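# A structural walkthrough
Chain residues, written in single-letter form:
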Amino acid sequence: MTAGNQSKPIGIFDSGLGGLTVFREIVNELPNEDLVYFGDTARVPYGSKSKDTIVHYTDQILSFLKTQEVKAIVVACNTASAYALEELEDRVEVPIVGVVKPGAKVAAKESKNGKIGVIGTKGTIRSGLYQKYLKEYRPGAEVFGKPCPLFVPLVEEGLWDDVLTRTAAARYLKELKEAGVDTLIMGCTHYPLIRPLIREEMGEDVLLVNPAHETAERMKEVLELWELNRDPAVPRSDAPYRFYVSDDPESFRDFASKILTFPLPLPEKIDIEAY
Ligand code: DGL
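A brief structural summary. Quantities reported herein were computed from a predicted structural model and do not represent experimental measurements.

## Re the environment of Y133
Position of Y133 relative to the elements: it lies in helix α6 (residues 129–137). A relative accessible area of 8% means that Y133 is categorised as buried. With 29 residues separating them in the primary sequence, Y133 and A104 have C-alpha atoms 6.1 Å apart. Not counting chain neighbours up to four residues away, the residues in contact with Y133 comprise E86, V100, K101 and A104. Among the polar contacts made by the side chain of Y133, one reaches the side chain of E86 at a distance of 2.9 Å.

Here's what the structure looks like:
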């Protein structure tokens with residue numbers, strides 16, 4: 001990286017709109033940075049697809065972000081972080097951070113009894129990456145992974161505080177409660193949006209880890225390490241936050257208004273298959 005790179009944006013991508021939970025943490029943690037977000041709304045969900053497919057999708061998205069001249073990349077999607085990051089990180093010339101490692105690190109550190117639960121998509125849990133890092137950071141940890149595939153559609157339907165979601169949560173989280181976990185990683189972009197419901201189900205004593213938050217902190221460290229922080233004295237670009245999707249910009253903007261505190265410009269639709 002050469003001088004001048006500080007003013008470039010950070011690229012953030014997700015399978016769709018859930019990654020906005022990561023975007024908002026980055027905005028809080030790094031308010032001076034310009035951001036480019038890509039949501040793969042044409043090909044969502046990633047959570048039920050194979051590793052090969054996710055690696056291919058991620059590869060295309062990295063090519064797109066290269067055209068945006070980003071100075072660093074955040075893989076906001078847990079499934080893409082779990083399946084594709086280790087495969088593809090050497091292919092990019094800028095620092096790249098996924099959500100799995102930072103989430104696992106803090107859970108391993110904070111758990112008192114070493115019993116740690118992870119919830120996520122089928123792909124994230126099947127990949128075993130959270131489990132691998134948890135055991136690496138905390139040898140002897142007992143890790144309980146549980147896929148919760150219904151949470152994503154329930155959240156996208158806006159049923160954040162609904163009997164259907166509560167029933168799914170009770171069913172999914174029962175075995176983690178019975179296992180006595182004292183720490184639970186919300187290993188999917190959508191889950192922080194139903195945090196109160198997960199909290200109700202798990203009880204007050206269980207620590208809920210939001211990898212989105214830990215990832216934003218990690219990105220802050222990475223920018224400092226690479227000396228890539230944007231100089232706040234340099235005037236801001238006209239559009240500090242730019243959004244791209246692969247389908248249906250209107251729905252994306254509608255959903256974003258439930259997550260972000262500022263109105264979004266209509267995202268630009270791109271043909272991700274062309275990358
Ligand atoms: N963004 C995905 C994740 O965090 C959830 C949605 C999907 O399955 O694509 O794993």
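Moving on from the coordinates now.
## Topic: helix α3 (residues 78–88)
Each full turn of the α-helix corresponds to 3.6 residues, which orients residues three or four apart in the same direction. Burial of α3 is extensive: nine of the 11 residues sit out of reach of the surface. Buried residues of α3: N78, T79, A80, S81, A82, Y83, A84, L85 and L88, and no others.

## Remarks on the pairing of strand β5 (residues 115–120)
The side chains of a regular strand alternate, first on one face of the sheet and then on the other. With five of its six residues buried, β5 lies for the most part within the structure. Pairing geometry for β5 and strand β6 (residues 142–147), over six bridges, is parallel. The residue bridging I116 from the neighbouring strand is V143, located in β6. Pairing analysis gives five bridges linking β5 to strand β7 (residues 183–187), with the strands arranged parallel. The partner of G117 across the bridge, within β7, is L184.

## A few points about the site of the ligand
Taken together, 14 residues are adjacent to the ligand, and D14, S15, Y46, G47 and T79 come closest. G47 is positioned such that a nitrogen or oxygen atom in its backbone is 2.8 Å from an oxygen atom of the ligand. If the ligand stood free it would expose 290 Å²; the protein chains cover 99% of that surface. Taking a 2 Å distance to the grid points as the criterion, the majority of the atoms of the ligand fall inside the second largest pocket. Of the residues assigned to the shell around the ligand, the class counts are six nonpolar, seven polar and one charged.

## Section: the sheet that holds β7
Spatial ordering of the open sheet is given by β6-β5-β7-β8, a layout of four strands whose pairing is parallel. Among the strands making up the open sheet, the edge pair consists of β6 and β8 (207–209). Neighbour to neighbour, the strand axes of the sheet diverge by 20 degrees on average, direction disregarded.

## A look at the packing of α3 against α6
It is the contact of α3 with α6, at a shortest axis distance of 10 Å, that shows an interaxial angle of 75 degrees. With respect to each other, α3 and α6 are oriented roughly perpendicular. The segment α3 lies against α6, with N78, S81, A82 and E86 engaging L129, Y130, K132 and Y133. Split into classes, the residues belonging to the contact of α3 with α6 amount to four nonpolar, two polar and two charged.

## With respect to the environment of D162
Residue position: D162 is located in the loop between α7 (151–156) and α8 (163–179). Taking the C-alpha atoms as reference points, D162 and I194, 32 residues apart in sequence, are found 9.9 Å from one another. Here L164 takes part through its backbone nitrogen, which lies 2.8 Å from a polar atom of the side chain of D162.

## What to know about the layout of surface pockets
Taken as a whole, the largest pocket holds about 590 Å³ of empty space. V97, G98, K101, P102 and R218 are, among the 26 residues lining the largest pocket, the residues nearest its centre. Listed by contribution, the elements that provide at least two residues to the lining of the largest pocket are α3, β4 (96–98), α4 (100–110), α6 and α10 (211–225). Counting residues per element, the lining of the largest pocket draws most heavily on α4, at six residues. Taken together, the residues of the lining of the largest pocket break down into 15 nonpolar, two polar and nine charged.

So, how was this worked out
Residues numbered from 1 in each chain as written. Predicted model: local features only at pLDDT ≥ 70, side-chain atom pairs only at ≥ 80, totals over all residues. Heavy atoms only, no water. Helix = DSSP H or I, 4+ residues; strand = E, 2+ residues; numbered from the N terminus. Buried < 20%, exposed > 50% of the residue type's maximum accessible area, 1.4 Å probe, protein only. Contact = heavy atoms within 4.5 Å. Polar contact = N/O pair within 3.5 Å; in protein donor to acceptor, adjacent residues only side chain to side chain. Pairing = 2+ DSSP bridges. Near = heavy atom within 4 Å. Areas by Shrake-Rupley, 256 points an atom, 1.4 Å probe, with all protein chains shown as cover. 1 Å grid on protein atoms, 1.4 Å probe; cavity = no way out; pocket = protein on both sides within 12 Å on 5 of 7 lines; lining within 4 Å. Sits in = over half its atoms within 2 Å of the grid points. Nonpolar A, V, L, I, M, F, W, Y, C, P; charged D, E, K, R; others polar. Axes fitted to C-alpha atoms, helices over the stretch in contact; angles between N-to-C directions. Parallel < 35°, antiparallel > 145°, perpendicular 65-115°, else oblique. Points joined across faces, edges and corners; volume = space filled by probe spheres on them.

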